[in-house]
Amino acid sequence: MTLKTRKYLKLAIVVLIVLMAVGWYFYDKRHKRPGIMPLDTAKAQRADLTSIVVETGIIKPQVGAMIKIGARATGAITHMYARVGNKVKKGQLIAKIDDRETLKDIEQLMASLRKAQENIAKINLTYPFRIREAEEDLASRVAKADLTRIEMERQGDLLKREYVSRNDYDKARAEYLQASADLRKYEETLKRTKEEFKADLRVALEDKSSIHSSLDKEVIKLSYTDIISPIDGVVSDVTAQEGETVVAGLQVANLVTVIVPDKLEMWLYIDETDVGRITTGLEVQYTVDTYPEKIFEGVIDRIDPYPLVKDNIVYYQAIVNITPSDAQMLRTEMTTHVRVAVEKKTNVLCVPNSAVKFEEGKQVVYKVVNEAATVKTPVKTGIRGDDMTEIISGISEGDVVATKIVTTGSVQVKKDQQPNHK
């Protein structure tokens, strides 16, 4: 064998070794995968499970539990009795506005009212006398008219018998006509006197009623100068002080805010992705930052149908009533961290939340076959609680699953260890 031949032979052997190494590499890569070693495990077991939705809320006063007390009167505040934190009773005077101008108007109206009453008394006193006088005068004229009529008739009979002259009859007839005219005049006088009595009395009564209405209005205006608490509660805010002038206009000037501290409710902001799962009557648990260890409980009373948009996120507001005992510890505008129990199941198969993985668009668990081998197994899950997840299908009760895994070096995977994807 020549030197040249030996050189070609060595080169061919080297090429063959390289080709074999490359082929083994690709074969090994195709038939081996990284190994999965479980660090922590847990058994699939049955338990009671509750699905929880976490939301944020805020403490607010109930409707009617916070009253902003304003002023409808214009004037300087002469007394301010309210102080922040003071307890007040319904009907208690908490501030006073200058009432001198209103009192002066009331005084003038009282004088006018007295004059109107005196006028009515005068009318009721004088007109009956005038009517009686007119009636007496009328009665006298009736008697005179009757007398002159009789005399005229008598003179007429005598004239027919020619015992008297025509002149005597005409004189008697003229006296009768004059008495009849006087009678009609006194009848009109009596009628006019009665009508004047009714008219003057009506005008006087209307004048009295008008003055009385004005007086009542001024009394109401005077009541506006007394700022009264409409509820039992605690003063939470005072926005005006003694000496300041209040100008009543189109908007009522708020002076004092009173709240009922034990009438609170929680406004729960539900994300639009969760509102379909949350209904009235669901139980909630919540905490506040000032009492992190204290868990408060309540029930969703109602859910507003109209959404609330905050920072381009759509929320629906639910209301949770707060018990008076819890309200003693809470304050308005406190932020709450809320857990809503949206669904409860009993005796369901479940595994720890950490055992369920989401890989390649599927939920899987790593079922432990032995200490060194795991099988990736697709599962169908149900509700998810704080620590456990419901397993509907994929594994059985008692199966051991990995809750914490680590990837080891390449190991050969046996066919019976391939996950079942049926």
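This text gives an overview of the structure that appears in the document. (Residues numbered from 1 in each chain as written. Predicted model: local features only at pLDDT ≥ 70, side-chain atom pairs only at ≥ 80, totals over all residues. Heavy atoms only, no water.)

### A look at the sheet that holds strand S7 (residues 226–228)
The strand order across the open sheet built from 4 strands is S7-S6-S4-S9, with neighbouring strands paired in antiparallel fashion. Since the sheet does not close on itself, it has two edges, and those belong to S7 and strand S9 (245–246), each with one partner. As paired strands, strand S4 (residues 75–80) and strand S6 (residues 93–97) are joined by 3 bridges and run antiparallel to one another. Opposite Met80, over in S6, you have Ala95 as the bridge partner. (Pairing = 2+ DSSP bridges. Helix = DSSP H or I, 4+ residues; strand = E, 2+ residues; numbered from the N terminus.)

### Concerning the layout of surface pockets
There is about 260 Å³ of room inside the second largest pocket. If you trace the second largest pocket, you find 16 residues lining it, with Thr74, Asp98, Glu101, Thr102 and Lys221 closest to the centre. Breaking the lining of the second largest pocket down by element, the ones donating at least two residues are S4, helix H2 (100–160) and helix H3 (166–224). The element contributing the most residues to the lining of the second largest pocket is H2, with 4 residues. When its residues are assigned to classes, the lining of the second largest pocket shows 4 nonpolar, 4 polar and 8 charged. (1 Å grid on protein atoms, 1.4 Å probe; cavity = no way out; pocket = protein on both sides within 12 Å on 5 of 7 lines; lining within 4 Å. Points joined across faces, edges and corners; volume = space filled by probe spheres on them. Nonpolar A, V, L, I, M, F, W, Y, C, P; charged D, E, K, R; others polar.)

### Things to note about the sheet that holds strand S3 (residues 66–71)
What the 4 strands build is an open sheet, ordered S3-S10-S8-S5; its pairing is antiparallel. Two strands lie at the open edges of the sheet, namely S3 and strand S5 (87–88), each paired on one side alone. Where S3 meets strand S10 (residues 253–259), 6 bridges bridge the pair, whose relative direction is antiparallel. Pairing of Ile69 across the sheet is with Val256, part of S10.

### A look at the nonpolar core
In terms of nonpolar packing, the biggest core is built from 22 residues, with Ile300, Leu330 and Val340 touching the most fellow members. Elements represented by at least two residues in this core include exactly strand S2 (45–61), strand S11 (264–271), strand S12 (283–288), strand S13 (291–303), strand S15 (313–321) and strand S16 (335–352). A per-element tally of this core places S11 first, with 4 residues. Once residues within four sequence positions are removed from consideration, Val340 is found in contact with Ser51, Ile52, Val53, Leu268, Ile278, Leu282, Glu283, Val284 and Ile300. (Core = buried A, V, L, I, M, F, W, Y, C linked by side-chain atoms within 4.5 Å. Buried < 20%, exposed > 50% of the residue type's maximum accessible area, 1.4 Å probe, protein only. Contact = heavy atoms within 4.5 Å.)

### Some thoughts on H2
Compared with an ideal rise of 1.5 Å per residue, which puts 61 residues at 90 Å, H2 spans 88 Å between its outermost C-alpha atoms and is within 8% of the ideal. One or two steps after H2, the chain reaches Glu162, where phi turns positive at roughly 65°. (Expected span 1.5 Å × (residues − 1).)

### Quick word on the pairing of S2
Sheet topology places S2 next to S16; 13 bridges connect them, and they run antiparallel. What sits directly across from Gln45, in S16, is Cys350.

### Things to note about unusual backbone geometry
For Glu333, which is not glycine, the phi torsion reads 75° and is therefore positive. Turning to its location among the elements, Glu333 is positioned in the loop between helix H4 (324–327) and S16. Here Glu360, not a glycine, exhibits a phi torsion of approximately 50°, which is positive. With respect to the helices, strands and loops of the structure, Glu360 is situated in the loop between strand S17 (357–359) and strand S18 (362–370).

### Regarding the pattern of salt bridges
Under the criterion given, the structure shown has 20 salt bridges. One salt bridge in this structure joins Glu283 and Lys344, with 3.6 Å as the shortest N-O distance. Here the residue Glu283 occupies a position in strand S12, and Lys344 occupies one in strand S16, the gap between them amounting to 61 residues. On the basis of relative accessible area, Glu283 is assigned to the partly exposed category, the value being 48%. Take Lys344: its relative accessible area is 57%, and that puts it in the exposed class. In this structure, the salt-bridge partner of Asp386 is Arg339, at a minimum N-O distance of 2.1 Å. You can see Asp386 sitting in the loop between strand S20 (380–384) and strand S21 (388–393) and its partner Arg339 sitting in strand S16, a full 47 residues away along the chain. Residue classification places Asp386 among the partly exposed positions, given a relative accessible area of 44%. Judged by relative accessible area, which is 29%, Arg339 ranks as partly exposed. (Salt bridge = Lys/Arg side-chain N within 4 Å of Asp/Glu carboxyl O.)

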